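Coordinates in review
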Protein chains: 2
Amino acid sequence: MVERLDTTFHALADRTRRGMLATLAAGEKSIGELAEPHAMTFAGASKHVKVLERAGLVERRRVGRSQLCRLRAAPLHEADQWLRKWERFWNTHLDALEALIEADKGGE
Amino acid sequence: MVERLDTTFHALADRTRRGMLATLAAGEKSIGELAEPHAMTFAGASKHVKVLERAGLVERRRVGRSQLCRLRAAPLHEADQWLRKWERFWNTHLDALEALIEADKGGE
DNA sequence: CACACATTCAACCAGTTGGTTGACAATCCG
DNA sequence: CGGATTGTCAACCAACTGGTTGAATGTGTG
């Protein structure tokens, strides 16, 4: 579960891959279709898809000679849960902390 | 804003850095205090803090010979917004898509 | 069968990461 | 002042990234 967060966040930390996810949100796409808007070779796109797949964000199936990729939202949900947990905590606790620090510092 | 997502997700894609954020949630800490639970040199910890800082997740101030680090939650919020946007979209649109695919595939 | 198509694989490349060490700098303490 | 504390910086390392090429693989088409 910890490694899952690593791979999920890593997969999302790239503009090209986020773009591919956005493309996939419109429906299943082949590797070629995913490559095209990024002006990239098949092989390059294939690597990115593999990263997304390792993170569990994408699934593939063979259709004829194409590989069709589809989204899997589950890991997104995990990452979101993690983020929201911390965000909630920080929003609650940071105000008091901040006041303390400002008082100690004497104005920024 | 796009690069911001890059750096934020990248900062979060490391177990050590997520651990540091968790430590910082308990209050301000020095570099040494952040390094200790990860059995790491000062220099190593310093690098991680720099990554968190570049992502805007951490701020520092000098106090005596220590560097005190504190959390900044704002970038988390941006990342969370992004995640939630997609999650919402996918949850809504994926069901219909999935049904189509299953029908086409003939059972998994 | 031969060929085009969609993709993968292996090799390579420059740049980045996560980590170390060792030298240096700033600050407190006696 | 001298020393200990708390770092930073620069150099280095092995491993990984994002990308390319070119050769192979699997699959539909004539």
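Everything below is about the structure printed above this text.
Residues numbered from 1 in each chain as written. Chains lettered and ligands numbered in written order. Predicted model: local features only at pLDDT ≥ 70, side-chain atom pairs only at ≥ 80, totals over all residues. Heavy atoms only, no water.

**Digging into the environment of B:Lys47**
The topology assignment puts B:Lys47 in helix α4 (residues 42-54). Measuring from C-alpha to C-alpha, the distance between B:Lys47 and B:Ile31 comes to 10.0 Å, with 16 residues separating the pair along the chain. (Helix = DSSP H or I, 4+ residues; strand = E, 2+ residues; numbered from the N terminus.)

**Focus on the relation of the copies chain A and chain B**
In the superposition of chain A on chain B (RMSD 0.0 Å, axial shift 0.0 Å), the rotation amounts to 180°. These values place the two chain copies in the arrangement generated by a two-fold rotation axis. Counting the interface residues of chain A, we find that 100% of their copies in chain B are interface residues as well, pointing to one common contact surface. (Least-squares fit on C-alpha atoms with pLDDT ≥ 70 in both. Contact = heavy atoms within 4.5 Å.)

**Observations concerning the sheet that holds strand β3 (residues 66-71) of chain A**
Residue and element names in this part refer to chain A. What the three strands build is an open sheet, ordered β1-β3-β2; its pairing is antiparallel. Both outer strands of the open sheet, β1 (29-30) and β2 (58-63), are each paired with one neighbouring strand and no more. When β2 meets β3, the two strands line up antiparallel, connected through six bridges. Opposite glutamate 59, over in β3, you have arginine 70 as the bridge partner. Sheet strands touched by helix α2 (residues 15-24): β1, β2 and β3. Its angle to β3, the strand with the most contacts, is close to 90°. (Pairing = 2+ DSSP bridges. Axes fitted to C-alpha atoms, helices over the stretch in contact; angles between N-to-C directions.)

**Thoughts on the interface of chain A and chain B**
Between chain A and chain B, the residue contacts involve 39 residues of the former and 39 residues of the latter. Summed over both sides, the interface between chain A and chain B buries roughly 3800 Å², with carbon and sulfur atoms accounting for 65% of that surface. Along the contact surface separating chain A from chain B lie two salt bridges. The interface formed by chain A and chain B holds two residue pairs in polar contact (both at pLDDT 80 or more) in total. Elements with a minimum of two residues in the side of chain A that touches chain B: α1 (2-12), α2, β3 and α5 (74-105) of chain A. Sorting elements by how many residues they give to the side of chain A that touches chain B places α5(A) first, with 19 residues. The class makeup of the residues in the side of chain A that touches chain B is 20 nonpolar, four polar and 15 charged. (Buried area = accessible area lost by both parts, 1.4 Å probe. Salt bridge = Lys/Arg side-chain N within 4 Å of Asp/Glu carboxyl O. Polar contact = N/O pair within 3.5 Å; in protein donor to acceptor, adjacent residues only side chain to side chain. Nonpolar A, V, L, I, M, F, W, Y, C, P; charged D, E, K, R; others polar.)

**Quick word on the pattern of salt bridges**
Residue and element names in this part refer to chain A. Counting across every chain of the model gives ten salt bridges over all chains. Close ionic contact of arginine 70 with glutamate 59 constitutes a salt bridge, the shortest N to O distance being 3.3 Å. Linking arginine 70 in strand β3 with glutamate 59 in strand β2, this pair joins segments that are eleven residues apart in sequence. Exposure remark for arginine 70: the relative accessible area of 6% places this residue in the buried category. (Buried < 20%, exposed > 50% of the residue type's maximum accessible area, 1.4 Å probe, protein only.)

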